[in-house]
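Tertiary structure, described
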Amino acid sequence: MGVSGQRRRVSLAQSIFRQSATRMPASSSNPGVPLSQTAAGRWRIPGIPNLHSHAFQRAMAGLAERQTHPQDSFWTWRETMYRFAARMDPESTHAVASQLYAEMLEAGYTSVCEFHYLHHAADGRPYADPAAMSRALIAAARDTGIRMTLLPVLYMTGGFDGRALSTRQQRFGHDVEGFLGLLQDLRSDEGALLRIGCAFHSLRAVPESAMREVLAALPAGAPLHIHIAEQIGEVQDCLSLRGARPVEWLQGNFEVDARWTLVHATHLTAAETTRLATSGATVAICPSTEANLGDGLFPLRAYLDAGGAWGIGSDSHISVSPVEELRWLEYGQRLATRQRNIAVGPGSSSVGETLLQGVLASARTATGQEGSGDYLMLDPQAPILAAARQHDVVDRWIFSGNRSVVEEVHVGGRQVVADGRHRDRDAIGTRYREVLARLLSD
Ligand SMILES: [Zn+2]
């Protein structure tokens, strides 16, 4: 790029800086990156929250990458996912989630929002303990030491037209009364590292009246998540049956505020983007999954300019790495705009720091937890951190590839990863391999 191009870029960045500074609501004020260096020269940074997870899908990572149809899409992937989901039971769920959560911790995620909808047996009948699948996930979080916000999912209909669940969706389903009973039951398990929130699967899966009933019964402060506007087909269905786009409809009919986390929100108009950014809600962006499923690109720059809160999720777990999610969040924008250094804000001209500040700023409201005592120590011997200085550590961590430099991980003040290895990596891995062999046998 020539000198004049660089000048243009600087003036663009300055103008973005001014816009963001004036539009940023006080509640989103930038806390700065709490990065510190120990006497031994090690870099300490806060743990990263993972705002969106379907744990069982980790076991099918890499198993949906063969073309089954010339127009393969999210919807053909979903058929593969449903076939796989039908094989999961509490025992295999515990084994798969334990492996996943250990990998998350090693990668630097210290908390997970588990968006859980595999509630019942494969034929749709409740287990003897109707919360058995939830409890398998809770046990996996407890055993691995990750902080969890469990989001039991309400899933009632198979489309915006209110059609019944298909055979393969039966195990996801609840009526409102049964669902509220599940939430009530699970709340007795809450503790220092476990919060029970709630999720609506999507607008197509939960009728408006049921959303209102559940909202009226939710305790104040319980986090509420929903998939929304991930696919163009979903936007079109919502438009034709409800006369509005999904995010537009949600904001027009419900008081969307800081309690809400909207997962994906990929397809937004400019007006939706601005209104959502100023609502106090968080958007959970899942860049690696959204790329894998061909969803589309979130309008990050416009959303940041309007002061929106956001975080990341590994969702389908085709990647378990906060570094990769953050890097691809930025790279997607670069590829689409043919520019560089898109995600910068009023607190820093560093893309890495801006991204890290973003995921930390939304953590408490999106997870419903403070995250006290959750932090990572980076390996001071890692070549990519050689001669690192305070102002370049985060960029070097995020923009240097896939070799992990997370040496230690602490959750709630307890160390769970040492020398880059989860404390139970071997035992968890052995059990995972046994369970996968069983799950994948014909
Ligand atoms: Zn999801």
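The following refers to the structure shown. (Residues numbered from 1 in each chain as written. Predicted model: local features only at pLDDT ≥ 70, side-chain atom pairs only at ≥ 80, totals over all residues. Heavy atoms only, no water.)

Quick word on the overall build of the protein chain
Our working rule: Only DSSP runs of H or I with at least four residues qualify as helices, and only runs of E with at least two residues qualify as strands; both kinds are numbered from the N terminus onward. The globule rule is 2.2 Å times the number of residues to the power 0.38, and the radius of gyration it is compared with is taken over C-alpha atoms. Whether two residues touch is decided by their heavy atoms; if any such pair falls within 4.5 Å, the residues are in contact. Asp and Glu count as negative and Lys and Arg as positive, but His and the ends of the chain are not part of the count. A single reference atom marks each charge: NZ on Lys, CZ on Arg, CG on Asp, CD on Glu.
Counting secondary structure elements, the protein chain contains 16 helices and 15 strands. A globule of 442 residues ought to have a C-alpha radius of gyration of about 22 Å, and the protein chain, at 21 Å, matches this closely. Taking the contacts inside the protein chain whose residues are at least 6 apart along the sequence as the reference set, 76% of them involve residues at least 24 apart. Charge centroids of the protein chain, computed over 43 positive and 46 negative side chains, lie 6 Å from each other.

Remarks on the nonpolar core
As a rule of thumb, soluble globular proteins bury nonpolar side chains together. Heads up, the rule is: Buried residues of nine kinds, namely Ala, Val, Leu, Ile, Met, Phe, Trp, Tyr and Cys, make up a nonpolar core once their side-chain atoms join them within 4.5 Å. When a residue's accessible area, from a 1.4 Å probe over protein chains only, is under 20% of the maximum for its type it is buried; when over 50% it is exposed; and in between it is partly exposed.
Counting residues in hydrophobic clusters, the biggest one holds 130 residues, and the most contacted among them are Y101, F200, L250, W260, L262, W310 and W397. Of all the elements, helix α3 (residues 90-107) adds the most residues to this core, at 7 residues.

Some details on empty space enclosed by the protein
Our working rule: The definitions used throughout rest on a 1 Å grid laid over the protein atoms alone, on which a cavity is an enclosed set of points accommodating a 1.4 Å probe that cannot get out and a pocket is an open set flanked by protein within 12 Å on both sides along at least five of seven lines; lining residues are those having an atom within 4 Å of a point. Grid points are joined across faces, edges and corners, and a volume is the space filled by probe spheres set on the points. Gly is placed with the polar residues, together with every amino acid not listed as nonpolar (Ala, Val, Leu, Ile, Met, Phe, Trp, Tyr, Cys and Pro) or charged (Asp, Glu, Lys and Arg).
In total, this model carries 3 cavities of 30 Å³ or more according to the counting rule given. Of the pockets and cavities examined, the largest cavity occupies roughly 180 Å³. For the largest cavity, the lining is made up of 18 residues, of which F74, M81, Y117, H201 and H227 are closest to its centre. When residues in the lining of the largest cavity are grouped by element, the largest group, 5 residues, is from helix α2 (residues 74-85). Considering only residue class, the lining of the largest cavity consists of 8 nonpolar, 5 polar and 5 charged. The volume enclosed by the second largest cavity comes to roughly 80 Å³.

Digging into the coordination of the zinc ion
The following threshold applies: Metal coordination here is assigned from N, O and S atoms located within 2.8 Å of the ion, or within 3.2 Å for Na, K and Ca; omission of water means that sites may look incomplete.
With distances of 2.0 to 2.2 Å, the protein atoms coordinating the zinc ion are H52 (NE2), H54 (NE2) and H227 (NE2). Look at where the donors of the zinc ion fall in the sequence and you get H-x1-H-x172-H. Taken together, the residues H52 in strand β3 (residues 48-53) and H227 in strand β8 (residues 224-228) connect sequence positions 175 residues apart. The exposure class assigned to H52 is buried, which follows from its relative accessible area of 0%.

A few points about the packing of helix α4 (residues 132-144) against helix α5 (residues 176-187)
The condition that has to hold: Inter-axis angles, ranging from 0 to 180 degrees, are taken between N-to-C directions of lines fitted to C-alpha atoms, where helices are fitted over the stretch in contact. Two helices cross in a left-handed way if the nearer one is turned anticlockwise from the farther one by less than a right angle. They cross in a right-handed way if the turn is clockwise.
Between α4 and α5, the shortest axis-to-axis distance is 11 Å and the interhelical angle comes to 35°. In this structure, the crossing between α4 and α5 has a hand that is right-handed. Contacts between α4 and α5 involve S134, R135 and I138 on the former and, on the latter, L182, D185 and L186. Here the contact of α4 with α5 is composed, by residue class, of 3 nonpolar, 1 polar and 2 charged.

Thoughts on unusual backbone geometry
You will see that A229, though not glycine, has its phi angle at about 50°, which is positive. Tracing the chain through its elements places A229 in the loop between β8 and α7 (232-242). For A229, a relative accessible area of 0% corresponds to the buried category. Of note, the phi angle at N341 is positive, near 50°, even though the residue is not glycine.

So, the sheet that holds strand β15 (residues 421-422)
Rules: A pair of strands is treated as paired once DSSP finds two or more bridges between them.
If you walk across this open sheet you meet the 6 strands as β1-β2-β12-β13-β14-β15, and the pairing is antiparallel. Either end of the sheet is taken by a strand with one partner, and the two such strands are β1 (36-37) and β15. Sheet topology note: the strand β2 (residues 43-46)/strand β12 (residues 375-378) ladder contains 4 bridges and is antiparallel. When the sheet's bridge partners are listed, W43 is paired in β12 with L378.

Re the side chain of H54
So the rule is basically this: Residues adjacent in sequence count toward polar contacts only when both atoms are side-chain atoms; beyond that, a polar contact is any pair of N or O atoms within 3.5 Å, and within protein one must be able to donate a hydrogen and the other to accept it.
Along the chain, the position of H54 falls in the loop between β3 and α2. For H54, a relative accessible area of 3% corresponds to the buried category. Reaching out from H54, the side chain makes a polar contact with the side chain of H227 at a distance of 3.4 Å. Each residue touching H54, except ones within four places of it in the same chain, is listed here: E114, F115, Y117, H227, D315 and H317.

Comments concerning the environment of D374
Residue placement: D374 occurs in the loop between α14 (363-367) and β12. Non-local contacts of D374, meaning those with residues more than four positions away in its chain, are made with P46, G47, T110, R147, H410, V411 and G412. Side chain to side chain, D374 and R147 meet in a polar contact 2.7 Å long.

So, the pairing of β8
Among the 5 residues of β8, 5 are classified as buried, and the element is accordingly described as predominantly covered. Burial along β8 is two-sided: L224, I226 and I228 facing one way and H225 and H227 facing the other are all buried. Taken together, the 3 bridges between strand β7 (residues 198-200) and β8 define a ladder with parallel strand orientation. Residue pairing for β8: F200 is matched across the bridge by I226. Across 5 bridges, β8 lies against strand β9 (residues 260-264) in parallel orientation. Looking at β9, one finds that H225 is bridged to T261.

Details of the pattern of salt bridges
Formally: By definition, a salt bridge exists where a carboxyl oxygen of Asp or Glu is found within 4 Å of a side-chain nitrogen of Lys or Arg.
In the structure shown here, the tally under the stated rule is 23 salt bridges. The partner of R42 in a salt bridge is E408, and the shortest N-O contact between them spans 2.8 Å. With R42 in the loop between β1 and β2 and E408 in strand β13 (residues 406-411), this residue pair connects regions lying 366 residues apart in the sequence. A relative accessible area of 19% places R42 in the buried class. R147 is the salt-bridge partner of D374, the closest N and O atoms lying 2.7 Å from each other. Here D374, found in the loop between α14 and β12, pairs with R147, found in strand β5 (residues 147-154); they are 227 residues apart in sequence, far enough to count as distant. When its relative accessible area of 11% is taken as the criterion, D374 is described as buried.

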